[in-house]
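# Tertiary structure, described
Residues per chain, in single letters:
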Amino acid sequence: MHIGFIGLGNMGSGMAANLLKAGHAVTAYNRSPAKVAALAQQGATPARTVADTCRGDVVQTMLADDEAVENVAFGPDGIVASLPPGGTHISSSTISVALAQRLTAAHAEAGQSYIAAPVFGRPDAAAAAKLFVIAAGAPAALNLVSPLFDAIGQRTFVVSEQPYTANLVKLSGNFLLATVIESLGEAIALVEKAGVDPAGYVDILTSTLFNAPAYATYGDLIARKSFEPAGFAATLGLKDVRLALQAAEELTVPLPLGSLLRDRFLALLANGGGQLDWSAITTLAGRDAGL
Ligand code: NAP
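Rules and cut-offs
- Residue positions are counted from 1 within each chain, in the order its sequence is given.
- Two thresholds apply to this predicted model, a pLDDT of at least 70 for residue-level local features and 80 or more for giving and counting side-chain atom pairs, whereas whole-chain, interface and lining totals are computed over all residues.
- Calculated side-chain values reflect all of the structure's heavy atoms, with hydrogen atoms and water omitted.
- Pairing between two strands requires that DSSP report at least two bridges joining them.
- Helix numbering and strand numbering both begin at the N terminus, where a helix is a DSSP run of H or I of at least 4 residues and a strand a DSSP run of E of at least 2.
- We call a residue near a molecule or strand whenever a single non-hydrogen atom of that residue lies within 4 Å of it.
- Definition of a polar contact: a pair of N or O atoms within 3.5 Å, with one able to donate and the other able to accept a hydrogen when the atoms are protein atoms, and with sequence-neighbouring residues admitted only if both atoms are side-chain atoms.
- Exposure was quantified through the Shrake-Rupley algorithm and a 1.4 Å probe, taking into account, for residues, occlusion by the shown protein chains and nothing else.
- Only protein atoms enter the 1 Å grid used here. Points where a 1.4 Å probe fits but cannot escape make up a cavity, open sets with protein on both sides within 12 Å along at least five of seven lines make up a pocket, and a residue lines them when an atom lies within 4 Å of a point.
- Grid points are joined across faces, edges and corners, and a volume is the space filled by probe spheres set on the points.
- Note that Gly is not counted as nonpolar here; it falls among the polar residues with everything else outside the nonpolar set of Ala, Val, Leu, Ile, Met, Phe, Trp, Tyr, Cys and Pro and the charged set of Asp, Glu, Lys and Arg.
- Given the number of residues in a helix, its expected span is that number minus one, multiplied by 1.5 Å.
- Here the bend at each residue means the angle between axes fitted to two seven-residue stretches, the one ending at that residue and the one beginning there.
- For each residue, the accessible area found with a 1.4 Å probe, counting protein chains only, is set against the maximum for its type, and the residue is called buried under 20%, exposed over 50%, and partly exposed in between.
- Within this scheme the basic residues Lys and Arg register as positive and the acidic residues Asp and Glu register as negative, but His and the chain ends are omitted.
- The term salt bridge refers to a pairing of a side-chain nitrogen on Lys or Arg with a carboxyl oxygen on Asp or Glu at a separation within 4 Å.
- In what follows, residue pairs with any heavy atoms lying within 4.5 Å of each other are defined as contacts.
- UniProt positions are given in the numbering used here, feature names are shortened, and annotations may be inferred rather than shown by experiment.
- Between N-to-C directions, angles span 0 to 180 degrees; the directions come from axes that are lines fitted to C-alpha atoms, helices contributing only their stretch in contact.
- Our angle categories are set so that under 35 degrees counts as roughly parallel, over 145 as roughly antiparallel, 65 to 115 as roughly perpendicular, and the remainder as oblique.
- For any pair of crossing helices, the crossing counts as left-handed if the nearer helix is rotated counterclockwise from the farther one by less than a right angle, and right-handed if it is rotated clockwise.

This paragraph deals with the sheet that holds strand β9 (residues 153-158). On the basis of which strands lie adjacent, the open sheet formed by 3 strands has the order β7-β8-β9 and mixed pairing. With partners counted over all chains shown, the strands left at the sheet margins are β7 (119-120) and β9, one partner each. Relative to β9, strand β8 (residues 131-135) runs parallel, the two sharing 5 bridges. Its bridge partner lying in β9, Ile134 is registered against Phe157.

For the rest of this paragraph, the subject is the site of the ligand. Every one of the 25 residues lining the ligand counts as a neighbour, but Asn30, Ser32, Lys35, Gly231 and Lys239 are closest to it. Lys35 is positioned with one of its side-chain polar atoms (N or O) 2.6 Å from an oxygen atom of the ligand. At 3.0 Å, a backbone N or O of Leu63 approaches an oxygen atom of the ligand. Calculation on the ligand without its partners gives an accessible area of 910 Å², and the protein chains cover 87% of this total.

A water-sized probe, rolled over the atoms, reveals where empty space remains. Counted as a void, the second largest pocket has a volume near 210 Å³. Along its surface, the second largest pocket is lined by Ser96, Val97, Ala98, Gln101, Tyr164, Leu168, Leu243, Gln246, Ala247, Glu250 and Leu251. Counting only elements with at least two residues in the lining of the second largest pocket, the list comes to α5 (97-109), α8 (163-193) and α11 (234-250). Looking at the lining of the second largest pocket element by element, the count peaks at 4 residues for α11. Residues of the lining of the second largest pocket, tallied by class, amount to 7 nonpolar, 3 polar and 1 charged.

Between its first and last C-alpha, helix α7 (residues 139-152) extends 19 Å over 14 residues, near the 20 Å set by a 1.5 Å rise per residue. At Val145, α7 shows its largest kink, close to 50°, and the proline Pro147 lies no more than four residues downstream.

With respect to the helices and strands, the residue Lys170 is situated in helix α8. Here Lys170 is buried and forms no salt bridge, its nearest opposite-charge partner Asp240 lying at an N-O distance of 5.5 Å. Reaching out from Lys170, the side chain makes a polar contact with the backbone oxygen of Val119 at a distance of 2.8 Å. In this structure, Lys170 is in contact with Thr94, Pro118, Val119 and Phe120, ignoring residues within four places of it in sequence.

The subject of this paragraph is the UniProt feature "domain: 3-hydroxyisobutyrate dehydrogenase-like NAD-binding" (unreviewed entry) in the chain. When the UniProt feature table is mapped onto this chain, "domain: 3-hydroxyisobutyrate dehydrogenase-like NAD-binding" (unreviewed entry) is found at residues 166-283. The distance separating the terminal C-alpha atoms of residues 166-283 is 31 Å; by composition the span is 70% helix and 0% strand.

Now for the sheet that holds strand β6 (residues 113-116). Read across the open sheet, the 6 strands follow the order β3-β2-β1-β4-β5-β6; overall the sheet is parallel. What marks the edges here is a single partner per strand, and that holds for β3 (45-46) and β6. Judged from the 5 bridges that link them, strand β1 (residues 2-6) and strand β2 (residues 25-29) form a sheet pairing that is parallel. Considered in β2, the bridge of Gly4 is made with Thr27. Here α5 sits on the sheet in contact with β5 (88-91) and β6, set at roughly 160° to β6.

Here we come to the packing of α8 against helix α10 (residues 213-223). Between α8 and α10, the least distance of the axes is 10 Å, while the angle of their chain directions is 45°. Classed by the angle they form, the pair α8 and α10 counts as oblique. In terms of crossing hand, the pair formed by α8 and α10 is right-handed. Contact residues: α8 offers Leu177, Val180, Ile181, Leu184, Gly185 and Ile188, while α10 offers Ala214, Tyr215, Tyr218, Gly219 and Ile222. Of the residues in the contact of α8 with α10, the class split is 9 nonpolar, 2 polar and no charged.

Turning our eyes to something else, we now look at helix α1 (residues 12-21). Taken across its 10 residues, α1 has 8 buried, putting it largely inside the fold. All buried positions along α1 are accounted for by Gly12, Gly14, Met15, Ala16, Ala17, Asn18, Leu19 and Leu20. Once α1 finishes, Gly23 follows within two positions and takes phi at roughly 95°, a positive value.

What follows concerns the side chain of Thr61. Among the secondary structure elements, Thr61 is positioned in strand β4 (residues 58-61). Look past the residues within four positions of Thr61 in its chain and what remains in contact with it is Ile6, Val72, Ile79, His89, Ile90, Ser91, Ser92 and Ser93.

Take a look at the structure:
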């Protein structure tokens, strides 16, 4: 398949490389051109503009946030204006429900398909083609692009025919992950203050009641206080908690823990931690405990 790929950050670089490895022809664009050069060495065709990525059947975007996606999707040289009728835009960025709805309408008006396909998994999973793809959109369009999901992930879950529902599921999952990170940080601070070794404590948790990837991955990072380089930056974590709160407000669903987490992220950012991994919010629980 001929794919345009836009956004070669921590996640997109691994995803695009796996599309190449699976035998697809990839034309790649990134705001900072150096990242395109790295992928070109693996066989990608460099694109100088967003429009250059829209010559095939499918364009996939993996960008930081709503603003980045709006920048490449709309405007005279954006994806909506450049993709031929019948083309498909797969949006894998974690974006707002509202933007997913706007993109769905804009692509439909242009005679194109829009699929939301955000992912679970950090950059190591992206590089190893082990992502979980949370997809939603029209069944015919989903069928067409399913080989692309197979190339980047270990399993695809289809939520519904409404693309925004995949974004809502993704945001709810990240909200839940952030609550795990915060509660792990508080629990570790409690035992660490009494002199218990954090790594041994996490081993007890993950070998008994909390045998799940979220506790293993983040328990390890928090116990080792390993927050750099960020796999998922705190600025992006704040973005996702905000987007979950926005969606919850729209649906009139209180998320009291979401409001607490928003303040944790703001405190981390206010103290210069925006580029740390989002699990660095746990340093605040440690600080509050006098550690
Ligand atoms: P990242 O490393 O920060 O990469 C962000 C990408 O967006 C880069 O290609 C960047 O271009 C581009 N970008 C940022 N602002 C832009 C703008 N205004 N206009 C055009 N391009 C812009 O982020 P990431 O970790 O790959 O995450 C990408 C998306 O996946 C996010 O929505 C994130 O929430 C989601 N996600 C991340 C993870 C994770 O663990 N990292 C897991 C699942 C989902 P430059 O290279 O020029 O900066």
